[in-house]
Structure formats: C-alpha cells, structure tokens
Amino acid sequence: MMNIETENPLTAVESSGQRLTMEAVPVAALVAGEAVITAWGDGRLRIFRADSALQTIDLHRGAILSMALAADLSVLTGGDDGRFVRTTPEGETETLAELPRKWVDHVATGSNGNIACSVGREVHVREPAGFRQVLEHPSTVGGIAFDRKSKRLAVAHYGGVTIWSREARRWKSSALKWAGSHTRVSWSPDDRFLMTAMQENALHGWRMRDKADLTMSGYPAKVSGLVWTGALPWLATTGADSAILWPFDGARGPMGREPLQLCSVGGGLVTAICTAPGREVILAGFSDGSVVFSEIGADAESFVVRRGQGAAVSAVAVTASGMLFVADEAGRVLWVSLAGRTNQP
Amino acid sequence: MTAQIPVTVLTGFLGAGKTTLLNRILTEQHGRKYAVIVNEFGETGIDNELVVDADEEIFEMNNGCICCTVRGDLIRILSGLMKRRDFDGILIETTGMADPAPVAQTFYVDQEVADRTRLDAIVTVVDAVNLPTHLDEAHEAAEQIAFADVILLNKVDLVDAAGLTNVEDRIRAINPYAGILRSEKCGVALDKVLGLDAFSLERVLEIEPDFLDGDHDHEHDEDITSISLHSETPLDPDLFNLWFGRLLREKGQDILRSKGILNFAGSDERYVIQGVHMLMDGSYLGPWPKDGLRQSKLVFIGRNLDSMALKEGYEACRAA
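Residues numbered from 1 in each chain as written. Chains lettered and ligands numbered in written order. Predicted model: local features only at pLDDT ≥ 70, side-chain atom pairs only at ≥ 80, totals over all residues. Heavy atoms only, no water.

- The name that an unreviewed UniProt entry assigns to chain B is GTP-binding protein, with the source organism given as Paracoccus alkanivorans.
- Recorded in UniProt for chain B, the comment headed Function (unreviewed entry) runs: "Zinc chaperone that directly transfers zinc cofactor to target proteins, thereby activating them. Zinc is transferred from the CXCC motif in the GTPase domain to the zinc binding site in target proteins in a process requiring GTP hydrolysis."
- Recorded under Catalytic activity (unreviewed entry), the UniProt text for chain B is reproduced unchanged: "GTP + H2O = GDP + phosphate + H(+)". (UniProt positions renumbered as here; feature names shortened; annotations may be inferred.)

- By the naming in an unreviewed UniProt entry, chain A goes by WD40 repeat domain-containing protein and is assigned to Paracoccus alkanivorans.

## Regarding the sheet that holds strand 14 (residues 143-146) of chain A
Residues and elements named next belong to chain A.
So, point 1. The strand order 14-15-16-17-18-19 describes an open sheet built from 6 strands, whose pairing is antiparallel. Each edge of the open sheet is held by one strand with a lone partner, namely strand 14 and strand 19 (212-216). Adjacent strand axes in the sheet meet at a mean angle of 30 degrees when their direction is disregarded.
So, point 2. Pairing of strand 18 (residues 203-207) with strand 19 involves 5 bridges; the strand directions are antiparallel. Within strand 19, the position partnered with Leu 203 by the bridge is Met 216. (Pairing = 2+ DSSP bridges. Helix = DSSP H or I, 4+ residues; strand = E, 2+ residues; numbered from the N terminus. Axes fitted to C-alpha atoms, helices over the stretch in contact; angles between N-to-C directions.)

## So, the pairing of strand 1 (residues 5-11) of chain B
Residues and elements named next belong to chain B.
So, point 1. With 6 of 7 residues buried, strand 1 is to be regarded as a mostly interior element.
So, point 2. Both strand 1 and strand 7 (residues 117-127) contribute to a ladder of 7 bridges, which runs parallel. The residue bridging Val 7 from the neighbouring strand is Leu 119, located in strand 7.
So, point 3. For strand 1 and strand 6 (residues 89-93), the ladder comprises 4 bridges, and the chain directions are parallel. Looking at strand 6, one finds that Val 7 is bridged to Ile 90. (Buried < 20%, exposed > 50% of the residue type's maximum accessible area, 1.4 Å probe, protein only.)

## Quick word on the UniProt feature "domain: CobW C-terminal" (unreviewed entry) in chain B
So, point 1. In the numbering used here, UniProt assigns the "domain: CobW C-terminal" (unreviewed entry) feature to residues 224-318 of chain B.
So, point 2. With 25% helix and 44% strand, the stretch residues 224-318 of chain B has end C-alpha atoms that lie 28 Å from each other.

## Some details on the nonpolar core
Residues and elements named next belong to chain B.
So, point 1. Counting 84 residues, the largest nonpolar core has Leu 21, Ile 37, Leu 81, Ile 90, Leu 153, Ile 171 and Val 193 as the members making the most contacts within it.
So, point 2. Each of two domains, domain 1 (5-199) and domain 2 (223-315), supplies a minimum of three residues to this core.
So, point 3. Not counting residues up to four positions away in its chain, the partners in contact with Val 193 are Thr 8, Asp 120, Val 123, Val 150, Leu 152, Leu 181 and Val 188.
So, point 4. Counting residues in hydrophobic clusters, the runner-up holds 19 residues, among them Phe 240, Phe 264, Tyr 271 and Phe 300. (Core = buried A, V, L, I, M, F, W, Y, C linked by side-chain atoms within 4.5 Å. Domains from an automatic or database assignment. Contact = heavy atoms within 4.5 Å.)

## Digging into the domain arrangement of chain B
Reports of interface size often rely on the accessible area that becomes lost once the parts have come together.
Residue and element names in this part refer to chain B.
So, point 1. On domain assignment, one finds that chain B holds domain 1 (5-199) and domain 2 (223-315).
So, point 2. Here domain 1 and domain 2 have C-alpha centroids that lie 26 Å from each other.
So, point 3. Contact residues are listed per partner, giving 23 residues for domain 1 and 21 residues for domain 2.
So, point 4. With both chains or domains summed, domain 1 and domain 2 bury close to 1800 Å², and 66% of this area falls on carbon and sulfur atoms.
So, point 5. Between the two partners, domain 1 and domain 2, sit 2 salt bridges.
So, point 6. A salt bridge links Arg 257 to Asp 149; the shortest N-O distance between them is 3.0 Å.
So, point 7. If you look at where domain 1 meets domain 2, you find 5 residue pairs in polar contact (both at pLDDT 80 or more).
So, point 8. Of all elements in the fold, only helix 3 (100-109), helix 6 (139-147) and helix 7 (161-174) reach the threshold of two or more residues within the side of domain 1 that touches domain 2.
So, point 9. Among the residues making up the side of domain 1 that touches domain 2, the classes are represented as 18 nonpolar, 3 polar and 2 charged. (Buried area = accessible area lost by both parts, 1.4 Å probe. Salt bridge = Lys/Arg side-chain N within 4 Å of Asp/Glu carboxyl O. Polar contact = N/O pair within 3.5 Å; in protein donor to acceptor, adjacent residues only side chain to side chain. Nonpolar A, V, L, I, M, F, W, Y, C, P; charged D, E, K, R; others polar.)

## Concerning the pattern of salt bridges
So, point 1. Overall, the coordinates contain 37 salt bridges over all chains when judged by the stated rule.
So, point 2. For Arg83(A), the salt bridge goes to Asp81(A), with nearest N and O atoms at 3.3 Å. Taken as a pair, Arg83(A) and Asp81(A) share a single burial class, namely buried.
So, point 3. For Arg71(B), the salt bridge is made with Asp73(B), and the minimal N-O distance between the two is 2.9 Å. Asp73(B) shares its class with Arg71(B); the two are buried.
So, point 4. In the salt-bridge network here, residues are joined through shared partners; they are Asp42(A), Arg44(A), Arg46(A) and Asp58(A).

## Observations regarding the pairing of strand 29 (residues 323-328) of chain A
Residues and elements named next belong to chain A.
So, point 1. Counted residue by residue, strand 29 has 6 buried out of 6 residues, so it is predominantly covered.
So, point 2. The alternating pattern of strand 29 places Met 323, Phe 325 and Ala 327 and Leu 324, Val 326 and Asp 328 on opposite faces, both of which are buried.
So, point 3. Inspection of the sheet shows strand 28 (residues 313-318) paired to strand 29 by 5 bridges, in the antiparallel sense. Paired with Val 318 across the two strands is Leu 324, which belongs to strand 29.
So, point 4. Counted between consecutive antiparallel strands, the loop separating strand 28 from strand 29 contains 4 residues, among which Gly 322 sits at a positive phi close to 95 degrees.
So, point 5. Taken together, the 5 bridges between strand 29 and strand 30 (residues 332-337) define a ladder with antiparallel strand orientation. Within strand 30, the residue paired with Ala 327 across the bridge is Val 333.
So, point 6. Counting the residues between successive antiparallel strands, the hairpin from strand 29 to strand 30 contains 3 residues, one of them, Gly 331, with a positive phi of roughly 90 degrees.

## Structural notes on the interface of chain A and chain B
So, point 1. Contacts between the two partners involve 30 residues from chain A, matched on the other side by 25 residues from chain B.
So, point 2. For the pair chain A and chain B, the summed buried area comes to about 2300 Å², and 48% of that belongs to carbon and sulfur atoms.
So, point 3. Taken as a group, Arg101(A), Trp103(A) and Tyr158(A) account for 27% of the area that chain A buries against chain B, more than any other trio of residues on that side.
So, point 4. At the boundary of chain A with chain B, the tally comes to 7 salt bridges.
So, point 5. A salt bridge links Arg116(B) to Glu329(A); its shortest N-O distance comes to 2.7 Å.
So, point 6. Of all the secondary structure elements, the ones that give two or more residues to the side of chain A that touches chain B are strand 6 (64-69) and strand 16 (171-187) of chain A.
So, point 7. In terms of residue count, strand 16 of chain A provides more of the side of chain A that touches chain B than any other element does, 3 residues in total.
So, point 8. Broken down by class, the residue content of the side of chain A that touches chain B amounts to 13 nonpolar, 9 polar and 8 charged.

## Remarks on the packing of aromatic side chains
Aromatic ring pairs: the centre-centre distance and the angle between the two ring planes describe each pair.
So, point 1. Taken as a whole and assessed by the stated rule, the structure comprises 16 aromatic pairs over all chains.
So, point 2. Considering the side-chain rings of Phe48(A) and Phe325(A), the 5.0 Å spacing of their centres and the 50 degrees angle between planes classify their relative orientation as tilted. On the criterion of sequence distance, the pair formed by Phe48(A) in strand 4 (residues 44-49) and Phe325(A) in strand 29 is long-range, its members being 277 residues apart.
So, point 3. Assessed through its relative accessible area of 1%, Phe325(A) is described here as buried.
So, point 4. Feature note: the residues Phe240(B), Trp243(B), Phe244(B), Phe264(B), Tyr271(B), Tyr284(B), Phe300(B) and Tyr314(B) constitute an aromatic cluster, connected by ring pairs.
So, point 5. Lying over the aromatic face of Trp40(A), Arg46(A) brings its terminal NZ or CZ to 5.0 Å of the ring centre.
So, point 6. Seen from the ring of Phe131(A), Arg166(A) lies directly overhead, with NZ or CZ sitting 4.5 Å from the centre. (Phe/Tyr/Trp six-rings, centres within 6.5 Å; stacked < 30°, edge-to-face > 60°. Lys NZ or Arg CZ within 6 Å of the ring centre and 35° of its normal.)

## Here we look at the sheet that holds strand 2 (residues 26-32) of chain A
Residues and elements named next belong to chain A.
So, point 1. An order of 2-3-4-5 is seen for the 4 strands of this open sheet, with the pairing classed as antiparallel. Single-partner strands in this sheet number two, and they are strand 2 and strand 5 (52-58). Shown here is a sheet whose adjacent strand axes are inclined to one another by a mean of 20 degrees, direction ignored.
So, point 2. Sheet topology places strand 4 next to strand 5; 5 bridges connect them, and they run antiparallel. Among the inter-strand pairings, Leu 45 is bridged to a residue of strand 5, identified as Ile 57.

Listed below in structure tokens is the structure:
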C-alpha cells in the first residue's frame, strides 16, 4: 500500500492555508464581500473571513438544502426542516416561513429585493412591498431563478420551464417545453438565454427572443453546477473530465460552436466549479478531491491548487481578494489565500 | 469512499401490513436509525424522527429506453438525505398500487443515487386472506410479487392450511426465487428483511436450482411467470451479449427481472448478471468452485415469456 502522504503531498498553496475537518456534508458556498458563507448538512452556516475566526450559526434542525445571497448581503436558506430563513450579515436570523414535514428545496433572490422559495410543486414569491403569491407547477420544482431585473422568474421542472412574468397585478405564467426532467435553471447575465441542466447528462436552453432551443449533450455525468463568468460571457459547467465553458456571445451564442475545455489535469470528473469576482478565471473541483485553477483562454495553463484526497469536491468559492474555500464530501475544508500565486504557474 | 446507504423498499397493497412492518423496524432495539420515505396515501401513525413525504412522480428518461421510467421524487429526496449523516439506512414505503419498476430503476439510472445508496431489497407484504382477490383484480399485485426479493406473507393465522398452500403456490408461480416468510402481524426476525443486499451480483450466486421447474398444474394461469434456463456447455460471450442485448431491447418491457450466472468459454470466472427491465448490471465474479459443475443458469420473471424462443435463443449462444 502506498503511503498517501508521499503519493499526494500537499501543494504549496495547501500547506500555506488552513486545513480543517467538519463533521458534516458541505451543501453550498457563496461569496459575500470578503466573506465566504457556507451551508452544511448539519443545519449550520459556517462563515469564513480572512481576518477573523470561523463563525458558526446554528440555523436549521436538519440539513440546509439551498442558499442564496440577497443584494443587502443577507443570506436566505431552505432546509429539510421546512423552514425558509433569512440571516443578516450581523448573524441575526428570521424565519420567513415554516412548513412542517415539507422541504424547502430551492431559494432565490432578485435584484429588487424579491425573494422566492420552492416547496414541492409550489413556489412562494414575496416582494419587498409585501405582495405575495403562490405559484403552482405540474411537478416538483428542480430550480428557480429571477432574471436580472427581477421581472421574470424561471422555474424548472419535469417537462420544461415555467416563466412567471410580473404583470400589473400579479405573476403570470408561460411555458417553455422540453421533454425530460430539468434539475437546475440559470439566466445568462444579459437575460438573452435561459439554460437548464437535465437529468440526462445534458444542458438544455432557450434563446428568449424567439424561443429557439439549444441542447448540449455528451456530458459523461449529470451537470450539477452552472456558473456564468467573464465579459463574453461564458457558461462554465461541471459534469465532464474538464471544466466545460460555452461561449454566449453573438446572436447565436454557443449554437454550432465548440466549448473551451479547461482545468483538465484534475482527477475524475468536475463536481464543483466557481469563478472569482471580476476576474476571468475558473476553479474546478474534481471527484478525486483535486482543485485546479485556470485563466480563461484557449491556451491557458492549469495549476493544481489542491491534490486529490479521495473525496469529491462539493463546493469551491473564491473572493475578490483571492481567499479560496474548498470543501469535500468528507467534510475536509481548505481555506487559503491565492493572492500572488495564481499568476505564476 | 463514502459508504453506500442501504435502501429497503416496502411494497404491498393497502391493508397488507406495510405500516405494521415499518413501525416494527422503527421501534425495535437494533441500534440503527432509519430515514423513512412515506407515500402520500400512506396509513398514518409512523413514529419516527426522520419522515419524508413523497409525492410519486414518474419520469420518462430521454435515453431511447422506452420502459425506462424513474421516480423523480426519489432522486430529489435521496439526494437531499445524502446531505445528512444522522441515519444508517433508508426505508421507502410505496403506495399500495405502485409498480416497483420505476423505484428499482431509479437506483440504476441516476448516477448520484447509485453512487451514494444501494438498493438492499424489495420487500413485498401480502395479505394471505386477500391476495387471491388482489391477483385476480389488479395487475399491480403480481408486479409487486414479481419484483420482490422477500415476500412477507402476513395474516397466515386467518386462513386455513389449504388456503395457505394455494396462496403460496400462486406466489411461486409468479416468482419462485423470492423467499416467503409466513407471519402474523408482520412478526418476523428483522434480519430476514433488512441487510439482504439482494441487488448485489454476489447474491445472484445463491439462486437455487429451480425446484419448481417442469410440469405441475397451476390452478390459475398467472399473468406473470418465470422461466429458468440451464446448460453445462460453455457459452460464447459475444453471441450471448448480442442475443441478450437484443432480447432486453425488444422484450424489456415484458421482462421484469432477470438474473444469471454464466459459464463463458475461455474464462475461469463466473459471469454474473442482474437486471430490471432493460437495465442490467454484469461482471465477472470470481472463479468457479474447483470441483463443481460449471452450469450456466439464467432466470427471467415477466409477462408473455415465450419459453421455446428463449430456450432456442439461449442455446444458440453455445460456444462451438
């Protein structure tokens, strides 16, 4: 038996950072200013900051299932305890809804203060002025997303996406149909395209102007992460042996074009992906636990930030100043500064 | 690296005793903690900390496999449960009229579910008093028996000896490979229904020689039956894969479950297969016993099984 230590010595980045182990499964990580807010299967938020100790907030009685950041930097979470909770940057919590024996599967925030959560087939929308509406769907909701102006809400489910538009008095629905189960949904930053991840190892999408369909298949695994990055913009995805980046410039976006494949030096398949605020970079976490950094470009060089330790990476996030958070399924965390390292291979 | 969580599926008609069995598993002292997924029409009174309500959603897959349906709600719930670490196993109670196929297929089709969990067994609870009526009136009753790894024949105290023999004969005519446990009020040892690992290829090796093979009269012609094929001549792996692949593509809707231990020419190892409709697992699984007979066995449970055509197709796979 090979010794793990000699087989996988720490990278220089890893040895300069903090390595911790949590007794929980990581669920999500998002960047809020200089902090990385992480949600866990033990119902806790763990907040990482460069200059202070780890902050832990006991929030849900079971697992946190989803998390989203509001414009005021408060965090919304949904849990398998049926609670929809808001946590302010000061750490104060407010239960927005409580549905006994239900799961709050997905949460979303809009730029104007709109918030939404999904519970089974229903989506509950709340507007800052107090208006509320319950939106019904034909099957359980796979994902929800507001568009840039928060005038439309996309809801993915079996058979397609329902687009809810805010009309004068209420939210009204229209349907985008595509056979199969849609498990994630995301608007392009300019709202021209709407993309979903599917149960069948593929992406589907629509060009909103004319509802033209886009299908990207050939992924070896289900796509679990969709991240928009860069000015072009690119849509970076998990689910393959490298980070797959689809170009969304021009009228046709990725139609008929090849994606960029970056970070291919990791082991196994990409299971988590992120970009850094304001930078054209990609960090991809792999099923063997490795994390690879790359600038975005056809000839970009990859750089191994963390070596594989056997457990798949569940979450990666990086702040504007280069603080990197990595968590794997075994609960192992790496918290480290990338500043000054990633420009020199 | 993460251990797979065992999942036990409980099927059976309303009133057969699923909830009684579920409550026994949840309340007896065995040191294990279960998450329970109950159905929307379930009988009330399940006393457990971790209960999830499932709303049966059957999804078709866009993968060219026409009978390939999965339970979308289970994919979502199982993936949610995998975020927790505070239980050791999962119990799924299906609705009384559920077809077990989409439940079983979920464990083959969704990679995340397949990686994190394993289908331990399908346990079907039947009511010795009412089973004959259920079999005559609803095709789901036979499907639940066909898919079962274990059949808990409940309420045996309420039928006479002749009635019990009749019920067991009808069960065996549909599925001779499942173990039958007689019980009153689901009073069976829990290790007979939990921790069976019945969907592993290793368990296929325990298929008993088909003691019901041959002619015996069935009082009823069951809609679902089983067929077993044997041979001592080695099989040609290419011919077999060609034939078996085509069989599952063309007849996969009718073939509910298939299992086999195969003696492939040119290999000293046993090749083992196990399938649900068109989905199949297969692997070499260790050498044949040193002095034992290298007998291939292949069993099917399904509808409209044409025994002559199956036998001919199988025999044409013999290595030259």
